Amino acid sequence: MSDGERRGLERNQAATGTGAGAGGAGDAMAMDAERAELHDPLSSSFPASLEGRILFLIAIAFSTFQLLTAAHLWDLPSQIVRAVHVGFLCLLGLPLVAAVRHEPRALRALAWLLGLCGMAVAAYQWWEYKALIFRAGSPLVQDTVVGVVALAVLFVATWRIMGPALPIIAGLFLGYCLFGQHLPSPFVTRGYDFSQVMDHMAFGTEGIYGIPTYVSSSYIFLFILFGSFLERAGMIRLFTDVALGLVGGAKGGAAKVAVFSSGLMGTISGSGVANVVTTGQFTIPLMKRFGYRPEFAGGVEATASMGGQIMPPVMGAVAFIMAETLDVAYAEVVTAAVIPAVLYFASVFWMVHLEAGKRNLLGLSKGELPSAWGALKTGWYLILPLAVLVWLLFAGYTPLYAGTIGLALTALLILGAPLAKRMPGLAIRMVFWVALGLSAAAFFEYGILPIIVALAVLVAACAVFKGGRETLIAVRDALADGAKTALPVGIACAIVGIIVGTMTLTGVANTFGQFIVSVGDTSLFLSLVLTMITCLILGMGIPTIPNYIITSSIAGPALLALGVPLIVSHMFVFYFGILADLTPPVALACFAAAPIAKAPGLQISFQAIKVALAGFVIPFMAVYTPALMLQDGGPLAAEIGYIPAVLYIVFKACLAIGLWGAAAIGYLAAPMPWWQRLLAAASAFTLIAALPLTDEIGFALAVAVIGLHFYLRGKMAGPEQAAGQRLPADRGAPRKPA
């Protein structure tokens, strides 16, 4: 576990009861943290040994290489950058996993050998760069051998880092390239020579060095470092304090803190499982303490954390790949995600509110809550890099440019803070910060040089006093942690290139796409359901990024052929790729929450599906009414206009989400009997369906169920008040944990 995650564990011990005075609670929480690490061995810190120190230095070298190439301080051809990126992933990932798992010396030596082979492939590509271009399509025997080594090491690295699912799927696609000529129609291929397949997959930009690896080696790595630096600077503490201060005292405030803080974390971290492990260590025990069932607490955290991947601006790094694949501005992708992201988190918020009402769970007392305003006054400067990043992205700058600026500004703030504390007088500190701000702004006029000079001066100044040296250590550790965090994302982007390469070589995507289109000619809804099932099945074993790349390559063109707008079709498969981490039997996010919640992962998964109902609803509504994703098109916009269509669909989505929540939880303003829940579900379903008169039926049912509910509730409350009945003495008090 990283130091940043440990700082998350130490947050607000008075509120959670996990401090020194909480008996054995702190020890139990530490044990939960250790169990959570079993789901992701890379969440552990670098081993405290010579081997660990070497890996630590390799991680720093990895991050340094990425920064130098991103800032154009070291200009290399894109193909070389991609090859070295994958080489570092193998060299760092294979030995690190073996060391963290304390495997036998022979296996660790083998891991080092394979990692060095992966880096040797990158060196070969660098040395033979121009020669490889000239003989593209006609590889030498040595090229084929290097290609085999590259693929073999990549398969082993992916298996070790991410498990067997993704390598097996990629292996099936690779086998299809080699043996597809023996399959029956319509899957039969013309047959490809072994050297041709190796050349296609291991060289050029169609296989493992394709667009996913390009995005990983430029945008994604930079934004992961950006999140790592902000985490080191104290952003987790700021997010948690703001969330506690704003919603911690409300009904069911413990769960609302989880939703709020996980949503905020999603703006800087694209990993749902990482969010579970980081924020869940604090929020899940807090929810359990205030009466939420363990499986429900785990489900809320898993759902909210996975939702972080649809929260702009980072969006789980998929937004960068989507923008590159669709050849659209990054701001367009983010714009399309804004309303669905807000609706997703609003629906989770609503579900925990209803659960709190049903079980009569109140929030934390005022004495246990930090001040949200006080937290902002203390850490407001941490928001500046994020605000600048969002502004640059929406102003039309490339993600690479915006990420470089955001990361540089974060580094200036981190390194400048200890110096500012030692300066006498407010005026001098103000002058100091203004000077740093001007050096950052000079980037737009003079490039990276002014920032490099400012950073060098700050590093030299911090090196001469104790607090400054501690800051330099934190920056160094952030570089290493960023490289370690990038391993699963980068390795997934590399191996998924085999799947994409198979599609470009054989055209197999057309076969599945034609099937979806043929079904869509009869029923668009059935095509969408088929695509959803495909995304959920694939996503059970592989992360969101490769899931999106595979399904968008297969189903995206088919949905576009059925009249679904381009971004909406890609967002559709993206959303269900995320929800796959909540659905059984794999449900990775839920099993990561299981040891913290001390509840079975499958039970957490079922609760997460209930809490995330809106996530299953929103993509379907967006297909039929693209205005929900702020896209033109659709019959509603053509009939009433774009702006009214946006307002109408948002209102309808909110009403449908509200009714789904009431039906799922069985509570609105009071417990709902089965027939009211059935009416609420029917109303929500008809509001989602895009058929003649379904909206009218849905609104009528909504009015009926809400009106009847409040009428019957008032009728039941009247006699109680007339008889002078009093609520039980403990009503409204926080429930004690079991």
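A quick note: this is a predicted structure, and the numbers were derived from the prediction, not measured.

Caption draft 1: View of the overall build of the protein. Summing up its helical and strand segments, the protein has 36 helices and 0 strands in all. Taking all 738 residues of the protein together, 57% fall into the buried category. Here the contacts in the protein between residues at least 6 apart in sequence split such that 76% fall between residues at least 24 apart. For the protein, the exposed surface amounts to about 29700 Å²; the carbon and sulfur share of it is 68%.

Caption draft 2: View of helix α20 (residues 399-421). Between its terminal C-alpha atoms α20 stretches 33 Å, which fits the 33 Å expected from 23 residues at 1.5 Å a residue. At L415, α20 is deflected by roughly 30°, the largest bend along its length, and proline P418 occurs up to four residues later in sequence. A large share of α20 lies buried, amounting to 21 of its 23 residues.

Caption draft 3: Structural detail: the environment of A83. Here A83 is to be found in helix α5 (residues 78-100). For A83, a relative accessible area of 2% corresponds to the buried category. For the pair A83 and T213, spaced 130 residues apart in sequence, the C-alpha separation works out to 8.9 Å. Beyond its immediate sequence surroundings of up to four residues, A83 is in contact with A122, Q125 and Y209.

Caption draft 4: Representation of the environment of A599 in the model. In this structure, A599 sits in the loop between α30 (588-597) and α31 (601-611). Residues A599 and F296, 303 residues apart in the sequence, show an inter-C-alpha distance of 9.3 Å. Once residues lying within four places of it in the same chain are set aside, the contact partners of A599 are P294, E295, A594 and I604.

Caption draft 5: Spotlight on the pattern of salt bridges. For the structure shown, the criterion picks out 10 salt bridges. With its nearest N and O atoms 2.5 Å apart, the salt bridge here joins R160 to E103. Of the two residues, R160 is situated in helix α8 (residues 141-162) and E103 in the loop between α5 and α6 (105-127); the sequence distance between them amounts to 57 residues. Overall, R160 belongs to the partly exposed group, its relative accessible area being 22%. Residue classification places E103 among the buried residues on the basis of a relative accessible area of 14%.

Caption draft 6: Quick peek at the environment of V459. Checked against the element boundaries, V459 lands in helix α23 (residues 449-462). You can call V459 partly exposed: its relative accessible area is 36%. If near-sequence neighbours (up to four positions away) are discounted, V459 is found in contact with L415 and L472.

Caption draft 7: Inspection of a nonpolar patch on the surface at higher detail. Judged by side-chain polarity, L73, L449, I452, V453 and V457 come together as a nonpolar surface patch covering roughly 450 Å² of accessible area. Among the structural elements, V453 can be located in helix α23.

Caption draft 8: Quick peek at unusual backbone geometry. Phi is positive for H72, close to 60°, though the residue is something other than glycine. Residue placement: H72 occurs in the loop between α4 (50-70) and α5. Non-glycine residue H102 carries a positive phi angle of around 55°. Structurally, H102 is set in the loop between α5 and α6. Given the relative accessible area of 67%, H102 is considered exposed.

Caption draft 9: A look at the side chain of E51. Secondary-structure assignment places E51 in helix α4. For E51, a relative accessible area of 14% gives the class buried. Sequence-distant contacts of E51, that is, excluding residues within four places in its chain, are made with P95, A99, R108 and W112.

Caption draft 10: Structural detail: helix α34 (residues 642-665). Here α34 is 24 residues long and its end C-alpha atoms lie 34 Å apart, about the 34 Å a rise of 1.5 Å per residue gives. Phi turns positive, to about 80°, at G666, one or two residues after α34.

Caption draft 11: The packing of aromatic side chains, seen in detail. For the structure shown, the criterion picks out 18 aromatic pairs. Considering the side-chain rings of F525 and F620, the 5.7 Å spacing of their centres and the 45° angle between planes classify their relative orientation as tilted. A residue pair is termed long-range when its members are at least 10 positions apart, and F525 in helix α26 (residues 524-539) and F620 in helix α32 (residues 613-624) qualify at 95 residues. When its relative accessible area of 39% is taken as the criterion, F525 is described as partly exposed. On the numbers, 5.8 Å between centres and 75° between planes, the contact of F576 with F620 is edge-to-face. Highlighted residues: F576 in helix α29 (residues 566-579) and F620 in helix α32, separated in sequence by 44 residues. We note that F576, like F620, is buried. Through a chain of ring-to-ring contacts, the aromatic side chains of F62, F65, W74, F88, W126 and F221 assemble into a single cluster. The cationic tip of R422 hangs over the ring face of F465; the distance from NZ or CZ to the ring centre is 4.4 Å.

Caption draft 12: Summary view of the packing of helix α16 (residues 318-326) against α29. Relative to each other, α16 and α29 sit at 145°, their axes nearing to 11 Å. Between α16 and α29 lies a crossing of right-handed hand. For the pair formed by α16 and α29, the contact residues are V318, M322, T325 and L326 on the first element and L566, I567, H570, M571 and F574 on the second. Taken together, the residues of the contact of α16 with α29 break down into 7 nonpolar, 2 polar and no charged.

Caption draft 13: Looking closely at the packing of α5 against α6. The interhelical angle for the contact between α5 and α6, taken along N-to-C directions, is 175°, at an axis separation of 8 Å. Judged by the angle between their axes, α5 and α6 are roughly antiparallel. In contact with Q79, I80, A83, V84, G87, F88, C90, L91, L94, P95, A98 and A99 of α5, α6 contributes R108, A111, W112, L114, G115, L116, G118, M119, A122, Q125 and W126. The residue inventory of the contact of α5 with α6, partitioned by class, reads 17 nonpolar, 5 polar and 1 charged.

Caption draft 14: Just the confidence of the model for the protein, in detail. Of all residues in the protein, 86% attain a pLDDT of 70 or more, and the chain-wide mean is 79. Mean pLDDT across the elements of the protein bottoms out in helix α2 (residues 13-16) (40) and peaks in α6 (93). Note that pLDDT drops below 50 for residues 722-738; the model gives that stretch 14 contacts with residues more than four away or on any other chain.

Caption draft 15: Here's a closer look at the state of the cysteines. This structure, assessed with the given rule, holds 0 disulfides. Take C90: it sits in no disulfide, and the sulfur closest to it among the cysteines is that of C117, at 9.8 Å.

Conventions adopted
Residues numbered from 1 in each chain as written. Predicted model: local features only at pLDDT ≥ 70, side-chain atom pairs only at ≥ 80, totals over all residues. Heavy atoms only, no water. Helix = DSSP H or I, 4+ residues; strand = E, 2+ residues; numbered from the N terminus. Buried < 20%, exposed > 50% of the residue type's maximum accessible area, 1.4 Å probe, protein only. Contact = heavy atoms within 4.5 Å. Areas by Shrake-Rupley, 256 points an atom, 1.4 Å probe, with all protein chains shown as cover. Expected span 1.5 Å × (residues − 1). Bend = angle between axes of the 7 residues up to and from the residue. Salt bridge = Lys/Arg side-chain N within 4 Å of Asp/Glu carboxyl O. Patch = residues over 30% accessible without salt bridge, like charges linked within 9 Å, V, L, I, M, F, W, Y side chains within 5 Å. Phe/Tyr/Trp six-rings, centres within 6.5 Å; stacked < 30°, edge-to-face > 60°. Lys NZ or Arg CZ within 6 Å of the ring centre and 35° of its normal. Axes fitted to C-alpha atoms, helices over the stretch in contact; angles between N-to-C directions. Left-handed = near helix turned anticlockwise from the far one by under 90°. Nonpolar A, V, L, I, M, F, W, Y, C, P; charged D, E, K, R; others polar. Parallel < 35°, antiparallel > 145°, perpendicular 65-115°, else oblique. pLDDT = per-residue confidence, 0-100. Disulfide = S-S within 2.5 Å.

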